[in-house]
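Here is what each chain is made of, one letter per residue.
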Amino acid sequence: MTGKRWQLAHGRHLDLGDRALVMGILNVTPDSFSDGGAFDAPERALQQARRMVAEGAAIVDVGGESTRPGAAPVSAAEEQDRVLPIIAALARSGDALISIDTYREQTARLAVAAGAHIVNDVWGAQREPGIAQVATETGAGLVLMHTGRERDKLPDVIDDQLLFLRRSLEIAREAGVQDAQVVLDPGFGFAKDADENLELMARFSELKRLGYPLLAGTSRKRFVGHVTGREAADRDAGTAATSVILRLQGADIFRVHDVAINVDALAFADAMLARQTNLPGR
């Protein structure tokens, strides 16, 4: 696979391509859909972050507001009270690269100042476009995610991805974000039913035409339960299967709850990709 260097804040970077990278999910919220309340105390959150790094996570993604359907919104101040102490503590330890999961410009700005390297925006810079300016000013990596929420979607899942993500990229470019800072996320589960998610998986490689690294966030999502019949907390094996499928279709980064099972599954996917690349005549 062709490698790319993802430029991040604080002079850091990640090399993408030859090896799948795992982003561990750290929800410091009381109401996230599968682990709400498990890590909302600072010490438990830090213990979980250390565990994920030990299991092979390259990035810890810290979120202070649940994005599950129907979740109660929180104020910017409450979100910041939840995430900033955790980010500062993780930055002091230096164990992992840190991502802030937020759509708010001010939260992103404060998080990067506290030590975060990446801004992960589930609204693709279309809720608060100023978040792209934060990436420009700080050099932070910027994940632009597709969502189908609060808008009419095109009938074809890939057409809708291209429409939305091209607008997000336009916002980022207008703010001065460099291409090397950007990763795209197709937003599995965000206003997409089971059939749409499965079609998106089947056609995932079509997103490579946009020319940016791709992040996949399928972990414990409802459509995984639709296929496996499992409840949210028991969907890690199903998630690992989706990670392998998406790695073989070109995904670079995998945002997951259970780091260990996905690291092992993706090691096999990488081994197969390496073998295919080295086959005679290729």
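Residues numbered from 1 in each chain as written. Predicted model: local features only at pLDDT ≥ 70, side-chain atom pairs only at ≥ 80, totals over all residues. Heavy atoms only, no water.

- An unreviewed UniProt entry annotates the protein as Dihydropteroate synthase originating from Aminobacter aminovorans.
- According to the UniProt record, the Function (unreviewed entry) comment for the protein is "Catalyzes the condensation of para-aminobenzoate (pABA) with 6-hydroxymethyl-7,8-dihydropterin diphosphate (DHPt-PP) to form 7,8-dihydropteroate (H2Pte), the immediate precursor of folate derivatives."
- The UniProt entry for the protein carries the following text under Catalytic activity (unreviewed entry): "(7,8-dihydropterin-6-yl)methyl diphosphate + 4-aminobenzoate = 7,8-dihydropteroate + diphosphate". (UniProt positions renumbered as here; feature names shortened; annotations may be inferred.)

**A look at the nonpolar core**
Then, in step 1: Leu26, Val62, Leu90 and Leu184 are the most contacted members of the largest nonpolar core, which totals 64 residues.
Then, in step 2: The leading source of residues in this core is helix 5 (residues 157-175), at nine residues.
Then, in step 3: Not counting the four nearest positions on each side in its chain, Val62 is found in contact with Leu26, Val28, Val83, Ile86, Ile87, Leu90, Ile98, Ser99, Ile100 and Asp101.
Then, in step 4: Counting residues in hydrophobic clusters, the runner-up holds 13 residues, among them Ile59, Val143, Val183 and Leu215. (Core = buried A, V, L, I, M, F, W, Y, C linked by side-chain atoms within 4.5 Å. Buried < 20%, exposed > 50% of the residue type's maximum accessible area, 1.4 Å probe, protein only. Helix = DSSP H or I, 4+ residues; strand = E, 2+ residues; numbered from the N terminus. Contact = heavy atoms within 4.5 Å.)

**Re the pattern of salt bridges**
Then, in step 1: For the structure on display, the rule yields 19 salt bridges.
Then, in step 2: Residue Arg247 is joined to Asp270 by a salt bridge in which the shortest nitrogen-to-oxygen separation is 2.7 Å. Of this pair, Arg247 sits in helix 8 (residues 236-248) while Asp270 sits in helix 9 (residues 259-277), placing them 23 residues apart in sequence. Here Arg247 matches Asp270 in class, with each residue buried.
Then, in step 3: Residues joined in a network through salt bridges with shared partners are Asp156, Glu199, Arg203, Glu206 and Arg209. (Salt bridge = Lys/Arg side-chain N within 4 Å of Asp/Glu carboxyl O.)

**Topic: helix 8**
Then, in step 1: The terminal C-alpha atoms of helix 8 lie 19 Å apart, and with 13 residues this matches the ideal 18 Å at 1.5 Å per residue to within 8%.
Then, in step 2: Residues of helix 8 that are buried include every one of Asp236, Gly238, Thr239, Ala240, Thr242, Ser243, Leu246 and Arg247, and no others.
Then, in step 3: Considering only its buried residues, helix 8 is in contact with helix 6 (194-202), strand 9 (215-216), helix 7 (222-228), strand 10 (253-256) and helix 9.
Then, in step 4: With its phi angle positive at about 115 degrees, Gly250 sits one or two positions after the end of helix 8. (Expected span 1.5 Å × (residues − 1).)

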